[in-house]
Each structure stands twice: as C-alpha cells, then as structure tokens.
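Fold and contact review
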Amino acid sequence: MRATRRQGVRIDPAMYAIRPEFAPHPEDVVITKVRASAFYGTPLAAHLTQLGAKSVIVCGESTSGCVRASAVDAYSHGFHVTLVEECCFDRSPLSHKVNLFDMHHKYADVLHVDEIIAHLEGMKAEVR
C-alpha cells in the first residue's frame, strides 16, 4: 500500500532494512508495521498480552505520525506508555515538542533516556 500522494515513487527496500547493529537474535520476534501505528493490522497487542506485558516503551519517527499513532493505540489497548524523548524525532522540532507535550498530558509518560535506563536497571536488580 502507498499513500495516494506518493504514487510512482520508487522505494528502496534497503532503506527499511533492519540495521546490522540491531539485527534480531534467533529468539526475537520481528513484527512488520504496515501502517502508522505498530498495532494496526499486526499481532503486536496479542503478542504483548501473551507475554504478560503491562507497559511499552515507544521511540521512532515521526513523533507527530507513527510514534503518536502507536502511543495512542498502545494506550487504547490498556498498556502503560512511555515515550523516550531523545529517541523520537520529527521533520519539525516544533511539531516534535508539541506532540510530546500533548501525549504526555493524555496518553504517555515522556521521559529522558537516562531516566528510563535507570528504571530498567532497577527492575533488573529487583529480579535478581
């Protein structure tokens, strides 16, 4: 599927390939996103529910588009949503900031990457 305004534009599949430093391990699940939200038309919500996940950490591009759609859908599925401020971006810095502000007040906690890493490390220590 393509957006109507993009008809005839050639898309290089290599542009969307998983970068080698993020290559999945054999036990990893790879879910291909087909629309703006990572949840729309994918088994992501079912997979997370089966794993017993209660929260998701969202990052990506673009803050006003795919990140927002995924955050809203995650929230709508009942997950606690955290957005990583430094790991999201948009074409416009203003659009990025406005959307983070709006989502923080409606659907998600917007946190800095160091806060999220510290929280995850704390959870890891609790499990030991």
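This section reports on the structure supplied with the text. Computed from a predicted structure; not experimentally measured.

Comments concerning the packing of helix α2 (residues 63-76) against helix α3 (residues 93-106)
- At a minimum axis separation of 10 Å, α2 and α3 run at an interaxial angle of 10 degrees. In terms of orientation, α2 and α3 fall into the roughly parallel class. Between α2 and α3, the residues in contact are Thr63, Ser64, Val67, Arg68, Ala71 and Tyr75 and Ser95, His96, Asn99, Leu100, Asp102, Met103 and Lys106, respectively.
- Broken down by class, the residue content of the contact of α2 with α3 amounts to five nonpolar, five polar and three charged.

Remarks on the sheet that holds strand β2 (residues 80-89)
- Read from one edge to the other, the open sheet built from three strands follows the order β1-β2-β3, with strand pairing classed as parallel. Each edge of the sheet is formed by a strand with only one pairing partner; in this case those strands are β1 (55-61) and β3 (109-111). Sheet twist, expressed as the average angle between the axes of neighbouring strands with direction ignored, equals 30 degrees.
- Of the strand pairs in this sheet, β2 and β3 are connected by three bridges, and their pairing is parallel. Residue pairing for β3: Leu83 is matched across the bridge by Val110.
- Lying on the sheet, α2 is in contact with β1 and β2; it crosses β2 at an angle near 165 degrees.

About the cut-offs
- Sequence order as written defines residue numbering, which begins from 1 separately in each chain.
- Whole-chain, interface and lining totals are the exception, using all residues; otherwise, since this is a predicted model, local features are given only for residues with pLDDT of at least 70 and side-chain atom pairs are given and counted only at 80 or more.
- The side-chain numbers reported here are obtained from all heavy atoms of the structure, hydrogens and water having been left aside.
- Note on geometry: axes are C-alpha line fits, over the in-contact stretch for helices, and angles between N-to-C directions span 0 to 180 degrees.
- Segments assigned H or I by DSSP are reported as helices when at least four residues long, segments assigned E as strands when at least two residues long, and all are numbered from the N terminus.
- Throughout this description, any angle smaller than 35 degrees is read as roughly parallel, any larger than 145 degrees as roughly antiparallel, any in the 65 to 115 degree range as roughly perpendicular, and the remainder as oblique.
- Residue contacts are defined here by distance: any two heavy atoms, one from each residue, within 4.5 Å place the two residues in contact.
- Residue classes follow a fixed rule: Ala, Val, Leu, Ile, Met, Phe, Trp, Tyr, Cys and Pro count as nonpolar, while Asp, Glu, Lys and Arg count as charged, and any other residue, Gly among them, counts as polar.
- In this analysis, strands are considered paired if DSSP registers two or more bridges between them.

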